[in-house]
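# Secondary and tertiary structure notes
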There are 2 protein chains.
Amino acid sequence: MASTPVTRHSINPKVLECEYAVRGEIVILAQKLQEDLKNNPKSHPFDEILYCNIGNPQSLGQKPITFFREVLALCDHPALLDKSETRSLFSADSIKRASQILSQIPGKATGAYSHSQGIKGLCDTIAAGIEARDGFPADPNDIFLTDGASPAVHMMMQLLIRSEKDGILCPIPQYPLYSASIALHGGTLVPYYLDEATGWGLEISELKKQLETAKSKGICVRALVVINPGNPTGQVLAESNQQQIVDFCKKEGLVLLADEVYQENVYVPDKKFYSFKKVARSMGYGEKDITLVSFQSVSKGYYGECGKRGGYMEITGFSPEVREQIYKLASVNLCSNISGQILASLVMSPPKSGDQCYESYSAEKNAILTSLAKRAQQLEHALNSLEGVSCNRAEGAMYLFPRIELPKKAVEAAEAAKTAPDTFYARRLLNATGIVVVPGSGFGQAAGTLHFRCTILPQEDRIPAIISRLTQFHEAFMKEFRD
Amino acid sequence: MASTPVTRHSINPKVLECEYAVRGEIVILAQKLQEDLKNNPKSHPFDEILYCNIGNPQSLGQKPITFFREVLALCDHPALLDKSETRSLFSADSIKRASQILSQIPGKATGAYSHSQGIKGLCDTIAAGIEARDGFPADPNDIFLTDGASPAVHMMMQLLIRSEKDGILCPIPQYPLYSASIALHGGTLVPYYLDEATGWGLEISELKKQLETAKSKGICVRALVVINPGNPTGQVLAESNQQQIVDFCKKEGLVLLADEVYQENVYVPDKKFYSFKKVARSMGYGEKDITLVSFQSVSKGYYGECGKRGGYMEITGFSPEVREQIYKLASVNLCSNISGQILASLVMSPPKSGDQCYESYSAEKNAILTSLAKRAQQLEHALNSLEGVSCNRAEGAMYLFPRIELPKKAVEAAEAAKTAPDTFYARRLLNATGIVVVPGSGFGQAAGTLHFRCTILPQEDRIPAIISRLTQFHEAFMKEFRD
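Residues numbered from 1 in each chain as written. Chains lettered and ligands numbered in written order. Predicted model: local features only at pLDDT ≥ 70, side-chain atom pairs only at ≥ 80, totals over all residues. Heavy atoms only, no water.

Looking at an unreviewed UniProt entry, one finds chain A named alanine transaminase, with Salvia divinorum as its source organism. Recorded in UniProt for chain A, the comment headed Cofactor (unreviewed entry) runs: "pyridoxal 5'-phosphate". In the Sequence similarities (unreviewed entry) part of its UniProt record, chain A is described as follows: "Belongs to the class-I pyridoxal-phosphate-dependent aminotransferase family. Alanine aminotransferase subfamily." (UniProt positions renumbered as here; feature names shortened; annotations may be inferred.)

### Some thoughts on the overall build of chain A
In terms of regular secondary structure, chain A is built from 17 helices and 14 strands. Its C-alpha atoms give chain A a radius of gyration of 23 Å, near enough to 23 Å, the size a compact globule of 483 residues would have. If one aligns the C-alpha atoms of chain A with their principal axes, the spans along those axes are about 70 × 60 × 60 Å. Residues counted as buried form 62% of the 483 residues belonging to chain A. With the model as given, the accessible surface of chain A reaches about 17200 Å², and the carbon-plus-sulfur share is 51%. Side chains of chain A give 51 positive and 53 negative charges; the mean places of these two sets differ by 2 Å. (Helix = DSSP H or I, 4+ residues; strand = E, 2+ residues; numbered from the N terminus. Rg over C-alpha atoms; globule rule 2.2 N^0.38 Å. Buried < 20%, exposed > 50% of the residue type's maximum accessible area, 1.4 Å probe, protein only. Areas by Shrake-Rupley, 256 points an atom, 1.4 Å probe, with all protein chains shown as cover. Lys, Arg positive; Asp, Glu negative; His and termini not counted. Charge placed at Lys NZ, Arg CZ, Asp CG, Glu CD.)

### Quick look at the packing of aromatic side chains
Residues and elements named next belong to chain A. Applying the stated criterion to the full structure yields 38 aromatic pairs over all chains. For the ring pair Tyr 302 and Tyr 303, a centre distance of 4.7 Å and an interplane angle of 70° mean the geometry is edge-to-face. Both residues of the pair, Tyr 302 and Tyr 303, count as buried. Ring geometry for Phe 424 versus Phe 481: centroids 5.7 Å apart, planes at 70°, classification edge-to-face. Residue Phe 424 is found in helix α16 (residues 421-433), and its partner Phe 481 is found in helix α17 (residues 463-481); the two are separated by 57 residues along the sequence. When its relative accessible area of 10% is taken as the criterion, Phe 424 is described as buried. Phe 481 sits in the buried class, given a relative accessible area of 7%. By way of ring pairs, the aromatic residues Phe 67, Phe 68, Tyr 302, Tyr 303, Tyr 358 and Tyr 361 are connected into one cluster. (Phe/Tyr/Trp six-rings, centres within 6.5 Å; stacked < 30°, edge-to-face > 60°.)

### Observations concerning the side chain of B:Asn231
Its location among the elements puts B:Asn231 in the loop between β5 (220-227) and α10 (239-252). When its relative accessible area of 4% is taken as the criterion, B:Asn231 is described as buried.

### A closer look at the nonpolar core
Inside soluble globular proteins, nonpolar side chains tend to come together where they are buried. Judged by nonpolar contacts, the single largest core of 338 residues is most densely connected at A:Leu224 and B:Leu224. Those residues in contact with A:Leu224 that sit more than four places away from it in its chain are A:Leu169, A:Tyr192, A:Leu207, A:Ile245, A:Phe248, A:Cys249, A:Leu254, A:Val255, A:Leu256 and A:Leu257. (Core = buried A, V, L, I, M, F, W, Y, C linked by side-chain atoms within 4.5 Å. Contact = heavy atoms within 4.5 Å.)

### Some thoughts on the sheet that holds strand β8 (residues 311-316) of chain B
Residues and elements named next belong to chain B. In space, the 7 strands of this open sheet follow the order β2-β8-β7-β6-β5-β3-β4, with mixed pairing throughout. Of all the strands in the sheet, the pair left with one neighbour each is β2 (143-146) and β4 (188-193). If you compare each strand with its neighbour and ignore which way they point, the axes differ by 20° on average. Strand direction decides the pairing type here: strand β3 (residues 166-172) and β4, joined by 6 bridges, are parallel. Across the sheet, the residue bridging to Gly 167 is Thr 188, located in β4. Its contacts with the sheet put helix α9 (residues 204-216) on β3, β4 and β5, and the angle it makes with β4 is roughly 150°. The strands touched by α10 are β3, β5 and β6 (255-259); relative to β5, the strand with the most contacts, the crossing angle is about 165°. (Pairing = 2+ DSSP bridges. Axes fitted to C-alpha atoms, helices over the stretch in contact; angles between N-to-C directions.)

### What about the side chain of A:Gln58?
With respect to the element layout, A:Gln58 can be found in the loop between β1 (50-51) and α3 (66-76). Polar side-chain contacts of A:Gln58 include one of 3.1 Å to the side chain of A:Glu305. With residues up to four places along the chain from it excluded, the contact list for A:Gln58 reads A:Pro64, A:Arg69, A:Tyr303, A:Gly304, A:Glu305, B:Ala109, B:Gly111 and B:Ala112. (Polar contact = N/O pair within 3.5 Å; in protein donor to acceptor, adjacent residues only side chain to side chain.)

### Considering the sheet that holds strand β4 (residues 188-193) of chain A
Residue and element names in this part refer to chain A. Taken together, 7 strands build an open sheet; the order of strands is β2-β8-β7-β6-β5-β3-β4 and the sheet is mixed. Of all strands in the sheet, those with a lone pairing partner are β2 (143-146) and β4, marking the two edges. Geometrically, the sheet is characterised by an average inter-axis angle of 20° between neighbouring strands, direction not taken into account. With 4 bridges joining them, strand β3 (residues 166-172) and strand β5 (residues 220-227) adopt parallel strand pairing. The partner of Ile 168 across the bridge, within β5, is Ala 223. Of the strands in this sheet, β3, β4 and β5 are in contact with helix α9 (residues 204-216), which crosses β4 at around 150°. Lying over the sheet, helix α10 (residues 239-252) contacts β3, β5 and β6 (255-259), oriented at roughly 165° with respect to β5.

### Topic: the interface of chain B and chain A
Taken together, the contact pairs 95 residues of chain B with 95 residues of chain A. Summed over both sides, the interface between chain B and chain A buries roughly 7900 Å², with carbon and sulfur atoms accounting for 56% of that surface. The salt bridge involving A:Lys308 is made with B:Asp76; its shortest N-O contact spans 2.4 Å. At the level of secondary structure, the elements contributing two or more residues to the side of chain B that touches chain A comprise α1 (13-17), α2 (25-39), α3 (66-76), α4 (86-89), α7 (149-160), α8 (177-184), α12 (320-332) and α13 (338-347) of chain B. In terms of residues, the side of chain B that touches chain A owes the most to one element, α12(B), which gives 9 residues. When its residues are assigned to classes, the side of chain B that touches chain A shows 40 nonpolar, 36 polar and 19 charged. (Buried area = accessible area lost by both parts, 1.4 Å probe. Salt bridge = Lys/Arg side-chain N within 4 Å of Asp/Glu carboxyl O. Nonpolar A, V, L, I, M, F, W, Y, C, P; charged D, E, K, R; others polar.)

### Focus: the pattern of salt bridges
Per the counting criterion, the structure on display carries 42 salt bridges over all chains. The partner of A:Arg428 in a salt bridge is A:Glu480, with the nearest N and O atoms 2.9 Å apart. Taken as a pair, A:Arg428 in helix α16 and A:Glu480 in helix α17 lie far apart in primary sequence, 52 residues in all. Here B:Glu395 ties to B:Lys271 by a salt bridge, and the two come within 2.9 Å at their closest N and O atoms. Residue B:Glu395 is found in the loop between β9 (389-390) and β10 (399-400), and its partner B:Lys271 is found in the loop between β6 and α11 (276-282); the two are separated by 124 residues along the sequence.

### Observations regarding the domain arrangement of chain A
Residue and element names in this part refer to chain A. Domains assigned within chain A are domain 1 (8-61 + 363-481) and domain 2 (120-347). Put simply, the middle of domain 1 and the middle of domain 2, counted by C-alpha atoms, are 27 Å apart. Contact residues are listed per partner, giving 37 residues for domain 1 and 38 residues for domain 2. Interface of domain 1 and domain 2: buried area, both sides summed, is about 3000 Å²; carbon and sulfur atoms make up 57% of it. On inspection of domain 1 and its partner domain 2, the count reaches 2 salt bridges. The interface formed by domain 1 and domain 2 holds 18 residue pairs in polar contact (both at pLDDT 80 or more) in total. When grouped by side-chain class, the residues that make up the side of domain 1 that touches domain 2 number 19 nonpolar, 10 polar and 8 charged. (Domains from an automatic or database assignment.)

### A few points about the UniProt feature "domain: Aminotransferase class I/classII large" (unreviewed entry) in chain A
Here the UniProt feature "domain: Aminotransferase class I/classII large" (unreviewed entry) sits at residues 107-459 of chain A. With 40% helix and 16% strand, residues 107-459 of chain A has its two end C-alpha atoms placed 42 Å apart.

### Some points on empty space enclosed by the protein
According to the stated counting rule, one finds 7 cavities of 30 Å³ or more in the structure shown. For the largest cavity, the calculated volume is near 820 Å³. Lining the largest cavity are 36 residues, and of these A:Pro151, A:Asn333, B:Pro151, B:His154 and B:Asn333 lie nearest its centre. Those elements giving two or more residues to the lining of the largest cavity turn out to be β2, α7 (149-160) and α12 (320-332) of chain A together with β2, α7 and α12 of chain B. For the lining of the largest cavity, the residue count by class is 18 nonpolar, 14 polar and 4 charged. (1 Å grid on protein atoms, 1.4 Å probe; cavity = no way out; pocket = protein on both sides within 12 Å on 5 of 7 lines; lining within 4 Å. Points joined across faces, edges and corners; volume = space filled by probe spheres on them.)

### Structural notes on α10(B)
Residues and elements named next belong to chain B. Compared with an ideal rise of 1.5 Å per residue, which puts 14 residues at 20 Å, α10 spans 20 Å between its outermost C-alpha atoms and is within 8% of the ideal. Restricting attention to buried positions, one finds in α10 the residues Asn 241, Gln 242, Ile 245, Val 246, Phe 248 and Cys 249. Projected down its long axis, α10 shows its buried positions confined to an angular sector of 160°, all on one face. Residues of α10 that are buried in the fold lie against β3, α9, β5, β6 and α11. (Expected span 1.5 Å × (residues − 1). Arc of directions from axis to C-beta.)

### Describing the pairing of β2(A)
Residue and element names in this part refer to chain A. Side chains Ile 143 and Leu 145 project from β2 onto one buried face, and the interleaved Phe 144 and Thr 146 project onto a second face that is buried too. Pairing analysis gives 4 bridges linking β2 to strand β8 (residues 311-316), with the strands arranged antiparallel. Bridge pairing in β8 links Ile 143 to Glu 314.

In structure tokens:
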């Protein structure tokens, strides 16, 4: 490629800097092994790759919610609504909902660009869903529909970051979308460490300390990212903790960027999800007191519709002149995909008690959530029973983030292989079992500690086999490298 | 909003700089008038807003292609394929194609994130479609599926632009996605002017001149954007002209960014679309000779599926290490929406002669393209018959870009109203007729000239009324301001 005008040295250095471990080197290796297996099923000591690297439920066999898919199919091909056979193929509720949605789209044109914030009627539905969830008013004009949560996060980073002197407070460990987006927009990630010893606790003293440190380096901290329920850590914040966070942001003049995409994924009876907006409003803080962005996605929850790329952000506390700039950013990309928009409205306004399909819908939803809770518990117990491994419980989200203490010899072997010890472990695990996890270094971790992130998403009947493969691998690994 | 931590003065100045006229002030005014009409149908001297500002065919009544929508609906709700009623609701070809597509998706999981470049089988289909179009090989690994063409353009700008010292050669007039994206990524737009007198001709001497001027200012020009068929200008490049452009890029070490989203929109018998890849390969230039990106979208063509946000870019001539960086950028956003991916594969591999549904598909396609050609011609003639207006023919794409010569008094009235003369004209037109066009200044225009962009998309039966409203308005306007 001697003559190519673009080399690694002539591209945007921010692109080189940015890292995204969830689809990084371990996953690229996994894809290679999968190709090997396709060509020769005996090429490895396992017969399939188990992708536990990413919160992608349907790739591991989770079935979509029937009501949602029926509505999507009808909206994709509205001509179906005029045919009599449709009534025997689709539930009456789906037909009703699809008709309702289509009536909100001028000309029923699901193939047209919408308003850049999204279809007005769908924004109304979402705002009503937020109101029903929180018990506080939500304004449809505050909703920006997006292709999943990622573009919404990028949009806020693009708005807030002017140079490397602008900082964004991010949890460590964090979901690497944040570090990647901050790197791409040329800002500085200001880390605050979650306390593993207290179940990944978020301490205000730590926030204050890191804010001060950043300020002393001349960094202007603009926003605080909170992921609740946590990714990769799985903790669910207590309401009192959220109140402290709101007060901290208010006092320090920070935008609160609340990643609330796992709001439906809470698995323990002693914890409950509260949106930051609800918490702020309950404290008596209104639009003028706190600047808050809440991110939601159709990819997570019990629906897990990752491939649909639907989501929204609700922005509150911004001045009209700044909103205008946010709208302009949205308008450059015209609009998010209409199926994703429709699905976002459905997850915020699912069938209700009394609806004909409510029972079957609830059965599907509860089966998924109950099973996820069970899988989380089984995997957590299995991990905690391994030598040198300790794992906080997954109160929510879709992940476990166990800490691993590796023997000195393993760390030296990793060094010799020029790789981080957790990557060394994850690669060995993959090569031995076909299980794909993400090394903790991809999320950030306290100095001197090692972790990996593993989803709780393989189907329930696969969990025993995964646990046994994982256990066997770990025992052999520890034996090989024991000091 | 006294306490908000974000003000117009504290946001990223690149966001402030960026402009996107296609959804700018005239459109915001149009939305307000539409709201007025909803509340009081007699509030304005027209009863509806006609959005001729944007290439959004289905918003103006264009019907989607049945085959495409049937396949999408089946893929959205694969359970339909197991039901006997489905055979009476969907064509056999749609059922076959949907089954084929689903078999290419592991677990038929259309709700799962795909590979970050897109579903492997769909990339194969698209590459085969490109091969059939061009008569030269296409590699599925070169395909990156995206949510419409816009994110693909942003991705390339993000890759290439390091600072304001990096320049991108763009046509003037241009589609403002380019100027917006260059501004957001902090680069410099290096303009080259299309020659209106020769039907928006693209002169190599002009490219050379502008490249030299930019170099003399210390700008490192990285890429050349060519939009073919042109937006907003509607011209279709001659193959000989494309050959010169390829040679220019090769000689000057520029990446050729070929916006080919209107490849199906050619309306005149004396012009034909050739992809830049076909042209380069026909000249004997291979992968190592020229670095080329071709953008395609499901939003345009005869399909006009804007709301689906599907598209792809085909990248050739990049080194493996740079490709790796492009893949990483794609992976940060996980993947594009699966319906859009499916649709992108369908438009590159539509029903073929001999397929059962070929006749009905062709009838739908030809009706749309024939009608678009007719509308283009009617509007062009009408515009050319107005005093002070001259308009090149729309050989392709979806737009006319007439030049208007306004009386001195109109220019002075615009100045008094603190607005550009073309914006003044467009606002007057909107207020008088409900027709929304985009002022030429939103696309860039040669100094001292004024234009507006108007789509050819209103349905055929509306064209006479539009022409008569436009003509009446223009006559009254000229009378009011005549020198």
